[in-house]
Amino acid sequence: MCLLTYLPAQVAPDPDALAYGARANPHGHGFAIVAGGRILVGRGMNADRVITEFIKARGEHPTGPALFHSRYATHGSIGIRNCHPFRLGGDARTVLAHNGTLPKRVHPGPYDPRSDTRIAAEEYLPKQPFGSIDTHRGARGLASWLGSSKLLILTVDPAYAHHAYLFGHHNGYWQDEIWYSNNSYLPLALRWPKRRRYLCGYCQKFDLHRTSRYCGDCGWCFDCETAFPDCTCHTASTTATSRHRGPRALPSAHHHPHQQASAP
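All values derive from a computational prediction rather than experimental measurement. (Residues numbered from 1 in each chain as written. Predicted model: local features only at pLDDT ≥ 70, side-chain atom pairs only at ≥ 80, totals over all residues. Heavy atoms only, no water.)

**A closer look at unusual backbone geometry**
The omega angle of the peptide bond from His84 to Pro85 is 0°, so this bond is cis rather than trans. One non-glycine residue, Gln10, lies in positive phi territory at about 70°. Its location among the elements puts Gln10 in the loop between strand 1 (3-7) and helix 1 (15-24). If you check the backbone angles, Glu177 has positive phi at about 70° while not being a glycine. (Helix = DSSP H or I, 4+ residues; strand = E, 2+ residues; numbered from the N terminus.)

Take a look at the structure:
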């Protein structure tokens, strides 16, 4: 799946969205920021570290466009060398990141550890097979080749007319001035609203086979949305049982069965 995030100039990242995207796409992370006449690039397998580095670097360099990418591996090995973004033809002035599956022309062979995007960046796209993307014909040709994929190019090369080129933007989502290539930047409850009743509101565990009102991991109550044993459902049941059995079953003076615990 992967998640590609594009931030126009002067737009700050959403740390929560980046974290949700990294959790759903855990096979490596990377970022790029246009900072004056150069592009800052960072990559890593540890999502928290890379996100922290990106937020700090973005705060220091807010005036250019930027990208963040979290990978879900489909082609190529899992490792930092397949983390987006990639240099276009080895030129540090231009990088690209991608979400989707590219045509078979750039798929890796049986013993090639590279991803399809890496092969495209290193071998295929540097030849400009469709012409300059600053022309209508070149941009249309590349967009047609990409199909439903999304591709973002950042550059400081003066041969280009712009610093950022986003292909497939109509297949993504704009949220608070930030573009996301798919909805994996959202928490699970919003990503799959029809299955929300199976998602724990506290630990985010997703369990289609839940057999009780409580989350099997953390004890969250799906009925009153508080944690066991302090949920109102449990205390109400305890109170009713106590009244039925008589004074000996009443809770102690230190227990407040009618006091609702606040949700975490």
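**Remarks on the sheet that holds strand 4 (residues 66-70)**
The strand order across the open sheet built from six strands is 3-2-4-1-10-9, with neighbouring strands paired in antiparallel fashion. The two strands at the open ends of the sheet, each matched to only one other strand, are strand 3 (38-44) and strand 9 (173-175). For this sheet, the mean inter-axis angle between neighbouring strands, taken without regard to orientation, is 15°. (Pairing = 2+ DSSP bridges. Axes fitted to C-alpha atoms, helices over the stretch in contact; angles between N-to-C directions.)

**Some details on the sheet that holds strand 8 (residues 164-167)**
With respect to topology, four strands assemble into an open sheet ordered 5-6-7-8, the strand pairing being antiparallel. The open sheet has two edge strands with one neighbour each: strand 5 (86-88) and strand 8. Shown here is a sheet whose adjacent strand axes are inclined to one another by a mean of 25°, direction ignored. By the bridge criterion, four bridges tie strand 7 (residues 150-155) to strand 8 in an arrangement that is antiparallel. Within strand 8, the residue paired with Leu152 across the bridge is Leu166. Of the strands in this sheet, strand 5 and strand 6 (91-99) are in contact with helix 3 (residues 116-124), which crosses strand 5 at around 25°. Set on the sheet, helix 4 (residues 136-146) makes contact with strand 7 and strand 8; between it and strand 8 the angle comes to about 45°. (Contact = heavy atoms within 4.5 Å.)

**As for the nonpolar core**
Judged by nonpolar contacts, the single largest core of 20 residues is most densely connected at Leu7, Phe31, Ile33, Phe54, Phe68 and Tyr180. Considering every element that reaches this core, the biggest residue donor is helix 2 (residues 47-60), with five residues. Ignoring any residue separated from it by four or fewer positions in sequence, one finds Phe31 in contact with Leu40, Val41, Gly42, Val50, Glu53, Phe54, Ala57, Leu67, Phe68, His84 and Pro85. Leu96, Ile133, Ile153 and Tyr160 belong to the second-largest nonpolar core, a separate cluster that totals 19 residues. (Core = buried A, V, L, I, M, F, W, Y, C linked by side-chain atoms within 4.5 Å. Buried < 20%, exposed > 50% of the residue type's maximum accessible area, 1.4 Å probe, protein only.)

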